[in-house]
Amino acid sequence: MTPPGSALRLDTAAQDLLFRQAHSTHVFTDEPVTDETVQAVYDLVKYGPTAFNQQPLRVVLVRSHEARRKLVGHMARGNREKTARSPLVAILAGDRDFHTELPEQFPLFPEAATRFYADSAVRERSAEFNGALQVAYFIIGVRAAGLAAGPMSGFDAIGINKEFFAESAHFVLAVVNIGWPPEGARHSRGPRLDFEQVFTTA
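Residues numbered from 1 in each chain as written. Predicted model: local features only at pLDDT ≥ 70, side-chain atom pairs only at ≥ 80, totals over all residues. Heavy atoms only, no water.

Caption draft 1: The arrangement of the nonpolar core in detail. Of all hydrophobic cores here, the largest spans 17 residues; its most connected members are Val33, Leu92, Val135, Phe138, Val142 and Ile178. When contributions to this core are tallied by element, the ones reaching two or more residues are α2 (35-45), β2 (88-95), α7 (120-144) and β4 (170-179). Sort the elements by how many residues they give to this core and α7 lands first, with 4 residues. When residues no more than four places from it in sequence are discounted, the contact partners of Ile178 are Phe28, Val33, Pro87, Leu88, Ala90, Phe138, Val142, Leu147 and Ala148. Judged by nonpolar contacts, the second largest core, of 13 residues, contains Val62, Met75, Met152 and Val172. (Core = buried A, V, L, I, M, F, W, Y, C linked by side-chain atoms within 4.5 Å. Buried < 20%, exposed > 50% of the residue type's maximum accessible area, 1.4 Å probe, protein only. Helix = DSSP H or I, 4+ residues; strand = E, 2+ residues; numbered from the N terminus. Contact = heavy atoms within 4.5 Å.)

Rendered as structure tokens:
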């Protein structure tokens, strides 16, 4: 039987860091997460593929006490304490007006902005889908830095949008707690579907 991961070019240690031994977590050390580290994460994950190379992801790093207090008030009850205690919290949002950047981001077909995204409802669906892809890339990038991420969808989206994005075309996609994982904090992994349960051949 082929050992897990042996058919991949990525070395085993990196596979473990990014996937097998990585866990969503909300328990961190007190060590701060610097802007330099976050920028290194973004400078890696910005290359993840999206439709027409659109880049709708927008991120608010919640660092001030006042911003954290406001955000905690919009989190689901079970997420409030972990959000209040995390070294860094990021609000990951999508930009409905991403199309204004498309001529620059996809110069091979600059007309894509007007041909495919003239309708605001189409833009919002695209920003939501491609923004979610970028959220996933961001989480993997956080792991690549040796950090741990605790992504959450339990929040009052209307409240967060009003609080943080009232003057823009941005809308919240996820809230992610970020920090350095403490030693021995790893917990048992939940089960995953087997290959045969997911894949069919047509």
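From this point, things continue past the structure.
Caption draft 2: Structural context of a nonpolar patch on the surface. A grouping of Leu193, Phe195, Val198 and Phe199 is seen on the molecular surface, where their side chains present a nonpolar patch of about 450 Å² in accessible area. For Phe195, the location among the structural elements is in helix α9 (residues 195-198). (Patch = residues over 30% accessible without salt bridge, like charges linked within 9 Å, V, L, I, M, F, W, Y side chains within 5 Å. Areas by Shrake-Rupley, 256 points an atom, 1.4 Å probe, with all protein chains shown as cover. Salt bridge = Lys/Arg side-chain N within 4 Å of Asp/Glu carboxyl O.)

Caption draft 3: Examining α2 more closely. Among all positions of α2, only Thr37, Val38, Val41 and Val45 are buried. For α2, the angular spread of the buried residues around the axis is 100°, confining them to a single face. Looking at the buried positions of α2, the neighbouring elements they touch are β1 (57-62), β2 and α7. (Arc of directions from axis to C-beta.)

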